[in-house]
Amino acid sequence: MEVEYQDIITLSDENKYVVASKVNLNNSRYVYLVDINNNKNLKFVEIEQDGFLSELDSDIDKELIKQLIPLFYNNSIKDIGKML
């Protein structure tokens, strides 16, 4: 599954999310999603090799999420600059 910035993805909770950022880390691909109807509803998701999306758990994956947040930020700045 190829995911691009501003793609709209509907998750199993039936909410629609926009791709706010994406990053590769340790041979895995991750996306940062924001609910288009409630921007306080955020998801950090791994794109599995089979294309399925697996939401990271804020308790179990706490350290991974801490690693990903600055990467999402830096990639967003870099990628947005390319789009301008």
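To be clear, the structure that these remarks concern was listed above.
Predicted model only: the values in this text are computed from it and were never measured.

(A) Here's a closer look at the overall build of the protein. For the protein, the count of helices and strands is one helix and five strands. Ordered by position in the sequence, the α and β elements of the protein form the string β-β-β-β-β-α. Against the compact-globule benchmark of 12 Å for 84 residues, the protein has a radius of gyration of 12 Å, which places it among compact chains. Along the longest, intermediate and shortest principal axes, the C-alpha atoms of the protein span 35 × 30 × 25 Å. At a minimum sequence separation of 6, the contacts of the protein that also span at least 24 residues come to 32%. Entry remark: accessible area of the protein is about 5,900 Å², with carbon and sulfur atoms responsible for 49%. Taking the 9 positively charged and 15 negatively charged side chains of the protein as two groups, their mean positions are separated by 7 Å.

(B) Examining the environment of glutamine 6 more closely. Residue placement: glutamine 6 occurs in the segment before strand 1 (8-10). Look at glutamine 6 and you get exposed, because its relative accessible area is 59%.

(C) Here's a closer look at the packing of aromatic side chains. As enumerated under the stated definition, the model contains three aromatic pairs in all. Relative to phenylalanine 72, the ring of phenylalanine 44 has its centre 5.9 Å away and its plane inclined at 20 degrees; by these criteria the two rings are stacked. Placement of phenylalanine 44 in strand 4 (residues 42-47) and of phenylalanine 72 in helix 1 (residues 62-83) is noted, with a sequence separation of 28 residues between them. Residue phenylalanine 44 is classed as buried on the basis of its relative accessible area of 16%.

The rules we used
- Each chain carries its own residue numbering, running from 1 in the direction its sequence is written.
- Thresholds applied to this predicted model are a pLDDT of at least 70 for local features of residues and 80 or more for the giving and counting of side-chain atom pairs; totals over whole chains, interfaces and linings are not thresholded and use all residues.
- Only hydrogens and water are set aside when side-chain values are computed; all heavy atoms of the structure are taken into account.
- Here a strand is any run of E in DSSP of at least two residues, a helix any run of H or I of at least four, and the numbering for each starts at the N terminus.
- As defined in this context, the radius of gyration uses C-alpha atoms, and a globule is described by 2.2 Å times the residue total to the power 0.38.
- Whether two residues are in contact is decided by their heavy atoms, any of which lying within 4.5 Å being enough.
- Per-residue accessibility takes into account occlusion by the displayed protein chains alone, with areas from the Shrake-Rupley method and a 1.4 Å probe.
- Neither His nor the chain ends contribute to the count of charged residues, in which Lys and Arg are positive and Asp and Glu negative.
- A charged residue contributes its charge at one atom only: NZ of Lys, CZ of Arg, CG of Asp or CD of Glu.
- Note on classification: 1.4 Å probe, protein chains only; a residue is buried when its accessible area is under 20% of the maximum for its type, exposed when over 50%, partly exposed between these limits.
- Each aromatic pair joins two rings of Phe, Tyr and Trp (for Trp, the six-membered one) with centres within 6.5 Å, and gets the label stacked for planes under 30 degrees apart, edge-to-face for over 60, and tilted for any other angle.

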